[in-house]
Structure formats: structure tokens, C-alpha cells
Amino acid sequence: MASHFSGVLQLTDLDDFITPSQECVKPVKVEKKQGKSVAKIQIEDDGSYFQINQDGGKHKLEKAKITLNDCLACSGCITSAESVLITQQSHEELYRVLRENKSGDTGQRVVVVSVSPQSRASLAARYGLSSSEAGRRLTAFFKRLGVHHVFDTGFSRTFSLLESQREFVQRFQRKEQDKKALPMLTSACPGWICYAEKTHGEFILPYISTTRSPQQMMGSLVKGYFAGQQGLSPQQIYHVAVMPCYDKKLEASRPDFYLAEAETREVDCVITSGEVQKMLEEEKVSLCDVEPLPLDVMFSSVCGDELLSHAGGGSGGYLHHVFTHAARQLFGEEVKELTYKTLKNKDFQEVTLEREGAVLLRFAAAYGFRNIQNLVQKLKRARSPYHFVEVMACPSGCINGGGQVKPLSEQNNKVLLQQVEDLYKAERPLVPEEDQHVAALYQSWLQSVGEERARQLLHTQYHAVEKATNGLIVKW
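About the thresholds
- Residues numbered from 1 in each chain as written.
- Predicted model: local features only at pLDDT ≥ 70, side-chain atom pairs only at ≥ 80, totals over all residues.
- Heavy atoms only, no water.
- Pairing = 2+ DSSP bridges.
- Helix = DSSP H or I, 4+ residues; strand = E, 2+ residues; numbered from the N terminus.
- Contact = heavy atoms within 4.5 Å.
- Axes fitted to C-alpha atoms, helices over the stretch in contact; angles between N-to-C directions.
- Salt bridge = Lys/Arg side-chain N within 4 Å of Asp/Glu carboxyl O.
- Buried < 20%, exposed > 50% of the residue type's maximum accessible area, 1.4 Å probe, protein only.
- Core = buried A, V, L, I, M, F, W, Y, C linked by side-chain atoms within 4.5 Å.
- Parallel < 35°, antiparallel > 145°, perpendicular 65-115°, else oblique.
- Left-handed = near helix turned anticlockwise from the far one by under 90°.
- Nonpolar A, V, L, I, M, F, W, Y, C, P; charged D, E, K, R; others polar.
- Polar contact = N/O pair within 3.5 Å; in protein donor to acceptor, adjacent residues only side chain to side chain.
- Phe/Tyr/Trp six-rings, centres within 6.5 Å; stacked < 30°, edge-to-face > 60°.
- Lys NZ or Arg CZ within 6 Å of the ring centre and 35° of its normal.
- pLDDT = per-residue confidence, 0-100.
- Arc of directions from axis to C-beta.

Looking at this structure, how should I read the sheet that holds strand β16 (residues 388-392)?
The strands making up a sheet associate through hydrogen bonds between their backbones, and the pairing can be parallel or antiparallel. The strand order across the open sheet formed by five strands is β6-β16-β15-β14-β13, and the pairing between neighbours is mixed. Every other strand in the sheet has two partners, leaving β6 (184-185) and β13 (341-342) as the edge strands with one partner each. With two bridges connecting them, β6 and β16 associate as parallel partners. The partner of M184 across the bridge, within β16, is F388. Seen against the sheet, helix α11 (residues 318-331) touches β14 (348-355), β15 (358-367) and β16 and runs at an angle of roughly 165 degrees to β15. Lying on the sheet, helix α12 (residues 369-380) is in contact with β6, β14, β15 and β16; it crosses β16 at an angle near 145 degrees.

Structure representation (C-alpha cells):
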């Protein structure tokens, strides 16, 4: 089965291939009862298991079901069993919730869909629309299905950029005392995070920014602030994120983003741009034929009826915004335009701030598995010259995520990728520090919950995963 996950999860020693005799298993607790002798287990020709009791009676044993959350707790494979693992993370699950709402058999849940700018651009390219026009038509399409609110993760990305800027300045200022403060490595890519946790563990994790990704920032906003404003419990909201990448399903399933008290995830379901395209096909509708609706402005960066974005590359502009902010805050330099220098390949670029021949800041963008490997090896040899690196698992970054709409048979992939990037960059950029709506939320929401709780809502943590040694996975 072809995998949809990013190459960084497939090309490492995480061993993403499961042979038929190596199906993913999770230890199951068996309750032992006194007085009962050990029963025999019989395996039928079809692979089913039966327990044979002493009296000759037998009953069929149920297979354990593995969820994405279980998968993240394991140190073995990730991708090959995706048909089993992603039952809770698909457009079919969204349809199920919408059907339940319409039937009235269970309590109504408020359905919220948050759409990423990269997904919007991908769908816009397929239908020959502008990104904002695609956003308005997607709003109408989802609401016609029964969704209540459609938001833009470009809005939550403003929080991610602001927090990344502040975190970098703090790390830079303590770099003499903390040898792992720099380089700061971005954390918005879950494929990279999973690789780091499972392959390099405690060595690499201190370098990684604790700032939440835009997807999980929106999770905080929707299940926290929005729920409070609407007088709802987090459990009464079903939150779906539309993302360019299958790895985002893994991110939403992390235990760190589960609200234990409310017994719900901050992001209940992640569907990809391609899955939205599939929904359109199943509904037998073209996005071009959907009558547009006004954008929901509560959690969307808009000016009139146009969506706003951020300057920088197609992966969120982290390098751009952190660099310009650091140059201003740390060295009093106003950088109007960044000059990118391509190094070994187009997916490894460098930006520097110099004064009188001395390098003050050296930033890089490292996309794709080979560049990530080279970066980590340089860190291990203490030869990395960088203060900050924007790390993304996919070549060309998020704009080229594995969940984006695939090219038509007559389309060239490179040409399509350029179209998506052009549409993405055509949106008017918004300077994060000038977003008054976000500034107001910092004042009204985050200050009211206290400093420690605010940090939990905006930041996260990582966990080194020890590899399990299992003789069954040895390849002979």
C-alpha cells in the first residue's frame, strides 16, 4: 500500500513496512480470574482466534483495535497500517458526525472546520479560482453539509509566529548559559517532530521550539476561547482541520493535545485537501458552481471579503518573521527584504544579517529528509553555524504536502506546484504584530487565564521515544 505520510517518516529506520505476520499490536491487559485454568488458543485457517475451554466450549476472541494515539506510543512503524490507524481521522468520520446531528438521535454538536491557507491554495488551483474565492466557496460548501463555522488557520498562525519570535529572542539572550538554546528548530511540522522524537530523542528535543503549530493553536482557540464565548463545553464542539499533510493527523492525536477533564481532543479530526476534493466529488459538485458565502470573521484574518496571509515561504513564513523581528529587537536593524542564498539544493536556503563584515544572525530553511539528516549530523558534530532553522519534512515545504490535491493526468506536477505557490503568495500579507484582533485576544483571553495556563495554551512539549527491541521485526 502506498503511504501518504511524509518521506521523513518512511525513509528512516522507523521501519514503516509491516509484513502480514507482523501486524501492528498493542499489549492488551487480560484479567486473570482465580480458579480458572489456562485456556487453549486455536487459530483458524482464516486467521481468527478461538479460546478453547476445558469443557470443550469455545468462543471467538475479538481483535484489538489500534488507534492513532496507540501508534504514537509505539516506537516501531507508523505508516503502513494507515487503513487501520486513521479510522478516526477521515472525511467519513466528519460525515458520520453531520449525519448524527441531522438525525437528532444524539445531542447536537457544533461543527467547526478550520482550513489551512495551503489547502485553500491547492483547491483554488484545481478549480481556477483565487485563494480567497476558494475560501468563500469552501465556506458555503461546508455549511451546506451542516457545518456551523468555517475558520482560517492563517489567523491562528499569527499566534504561532508571535510566540516563535518571542521564544527565539529569549533563547538568543540565554545562549551563553544554555548551549542547547540555539539553533532554534521550528516545530510546526509533525513529520519532523515524530522523526526527532523517535530517532534522535533527548539530543535533539531541546533545540526544538515549544510553540504550537497553527493547527493546534486553533485547537486552543476553538475548544477554549470559542467554547467559552458560545457557552459550550469543549465536548459539545466537533473540530475539524483541513490540512495539506497526512502527518497532521498524527499531530492531532498526540496525548499532549487531549483535554482530559473534558474527555475530548482539541482537534477531533484532520482531513486533507485531497479528502475535501473527494467530498466535492462524492457530492457531485464543482467548487466553481458553489455559490460563495461571506467568510466567518471570528477566527479568520480578513480585509473586506479577502483573506490575508503572511510574508515568507509556503510553510508559514517562520524564517521570515522571526528573522525580521530578531534583527529589530536584538540589533536595531530594520530588514525590509530578505535575500535567500541557495546552498546544496533548492530546499536548503540561508539568510544572514551582517554588520561591518560580522555575521549577526544566520538563519536557514531545511526542507526534505536529506536536508534534515544533514542538519542533525552537523548538530551532532557541533558544526552547525545557524541560530534558527525552519524545518519541514516535505520537499518544497507545506505547499507540497502529501495531502494536497493531486495533478490531473495531463498536468505536470512541477507546474501545478508553482500554480499553488503563486496563488498562496497572491494573498496580501499581514504583519503579525499589527493584527489588532489577535492583540485583543492576548489581552482579553490569555491574560485572564494566568501566565502558566496561557503558556499551556500556546506551547507544547516533546517526548523522546525509546525504540523497542523486538526479535519479530528483524529482517532476515
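Now that the structure has been shown, we can carry on.
Where do I start with the sheet that holds strand β4 (residues 110-115) in this structure?
Reading across the sheet, the four strands line up as β5-β4-β7-β10 and stay open at both edges, with parallel pairing between neighbours. Strands with a single pairing partner mark the edges of an open sheet, and in this sheet they are β5 (149-152) and β10 (269-272). Neighbour-to-neighbour, the strand axes of this sheet turn through a mean angle of 25 degrees, independent of strand direction. Summarising the sheet, strand β7 (residues 237-243) and β10 pair through four bridges and their orientation is parallel. Of the residues in β10, the one forming a bridge with M243 is T272. Its contacts with the sheet place helix α4 (residues 117-127) against β4, β5 and β7, and it is angled at close to 75 degrees to β4. Helix α6 (residues 153-173) contacts β4, β5 and β7 of the sheet and is inclined by roughly 45 degrees relative to β5.

Looking at this model, I keep getting lost on the pattern of salt bridges. Mind explaining?
Once the charged atoms of two side chains with opposite charge are near each other, the side chains can pair. Using the criterion set out here, one finds 23 salt bridges in the structure. Here E100 and R96 are joined by a salt bridge, their closest N and O atoms 2.5 Å apart. Residue E100 and its partner R96 are both found in helix α3 (residues 91-103); the two are separated by four residues, about one turn of the helix. Overall, the relative accessible area of 29% leaves R96 in the partly exposed class. One salt bridge connects K223 with D268, and the closest N-O pair in it is separated by 2.9 Å. Separated by 45 residues along the polypeptide, K223 in helix α8 (residues 214-230) and D268 in the loop between β9 (264-265) and β10 bring together distant segments of the chain. The same class applies to K223 as to D268, namely buried. Residues joined by salt bridges that share partners form a network here, namely E133, R136, R137 and E306.

Help me understand the nonpolar core, please; the structure alone is not making it clear to me.
In terms of nonpolar packing, the biggest core is built from 46 residues, with F168, L185, W192, I204, I208 and L361 touching the most fellow members. Secondary structure elements with two or more residues in this core: α6, β6, α7 (190-204), α11, β14, β15, α12 and β16. When residues of this core are assigned to their parent elements, the largest contribution, seven residues, is made by β15. Membership of the second largest hydrophobic core comes to 31 residues, among which are V113, V115, L280 and V290.

Help me understand the packing of helix α5 (residues 131-145) against helix α10 (residues 273-282) in this model?
Helix-helix packing: each pair is described by the crossing angle between the helix axes and the interaxial distance. Two numbers describe how α5 lies on α10: the axes approach to 12 Å, and their chain directions differ by 60 degrees. Considered as vectors, α5 and α10 are oriented oblique to each other. The handedness of the crossing between α5 and α10 is left-handed. Taking contact as the criterion, the partners of L138, F141, F142 and L145 in α5 are, on α10, V276, M279 and L280. Per-class residue counts for the contact of α5 with α10 are seven nonpolar, no polar and no charged.

I would appreciate a short explanation of the side chain of H239 in the present structure.
As for its placement among the helices and strands, H239 is situated in strand β7. At 3.0 Å, the side chain of H239 forms a polar contact with the backbone oxygen of E266. Not counting residues up to four positions away in its chain, the partners in contact with H239 are V112, S114, M218, G219, V222, K223, E266, V267, D268 and C269.

I tried to follow the packing of α7 against α12 on my own but got confused; where do I start?
Running from amino to carboxyl end, α7 crosses α12 at an angle of 10 degrees, the nearest separation of the two axes being 12 Å. Judged on the interaxial angle alone, α12 and α7 are roughly parallel. Of the two possible hands of crossing, α7 and α12 adopt the one that is right-handed. Facing α7, whose interface residues are W192, Y195, H200, F203 and I204, α12 presents F369, I372, Q373, V376, L379 and K380. For the contact of α7 with α12, the residue count by class is eight nonpolar, two polar and one charged.

Got a minute to help me understand the packing of aromatic side chains in this structure?
Each aromatic ring pair is summarised here by two numbers: the centre-to-centre distance and the angle between the ring planes. Taken as a whole, this structure holds 19 aromatic pairs when the rule is applied. Taken together, a centroid distance of 6.2 Å and an interplanar angle of 55 degrees make the contact between Y225 and F299 tilted. Here F299 lies in the loop between α10 and β11 (302-303) and Y225 lies in helix α8, a separation of 74 residues in the sequence. One aromatic cluster is present, formed by F151, F155, F159, Y225, F226, F299, Y442 and W445 through successive ring pairs. Positioned above the aromatic ring of Y442, the side-chain terminus of R166 is 4.8 Å from the ring centre.

Please explain unusual backbone geometry as it appears in this structure.
One can expect most non-glycine residues to show negative phi and most peptide bonds to be in trans. Of note, the amide linkage connecting L182 to P183 takes the cis form, showing an omega dihedral of 0 degrees. Examined against the element boundaries, P183 turns out to sit in the loop between α6 and β6. At E356, a residue that is not glycine, the phi angle is positive and equals roughly 50 degrees. Within the secondary structure, E356 is located in the loop between β14 and β15.

I would appreciate a short explanation of the confidence of the model for the protein in the present structure.
Close inspection of predicted coordinates is inappropriate in any region flagged by low pLDDT. When pLDDT is averaged across the protein, the result is 82; 82% of the residues are at 70 or more. Note that pLDDT drops below 50 for residues 10-32; the model gives that stretch 38 contacts with residues more than four away or on any other chain. For the stretch residues 68-85, pLDDT sits under 50, and the model shows 59 contacts to residues farther than four places along the chain or on other chains.

Where do I start with helix α15 (residues 451-458) in this structure?
Residues three or four positions apart in an α-helix share a direction because the helix packs 3.6 residues into each turn. Those residues of α15 that sit buried are A454, L457 and L458. In a view along the axis of α15, the buried residues occupy a sector of 90 degrees, so they form one face of it.

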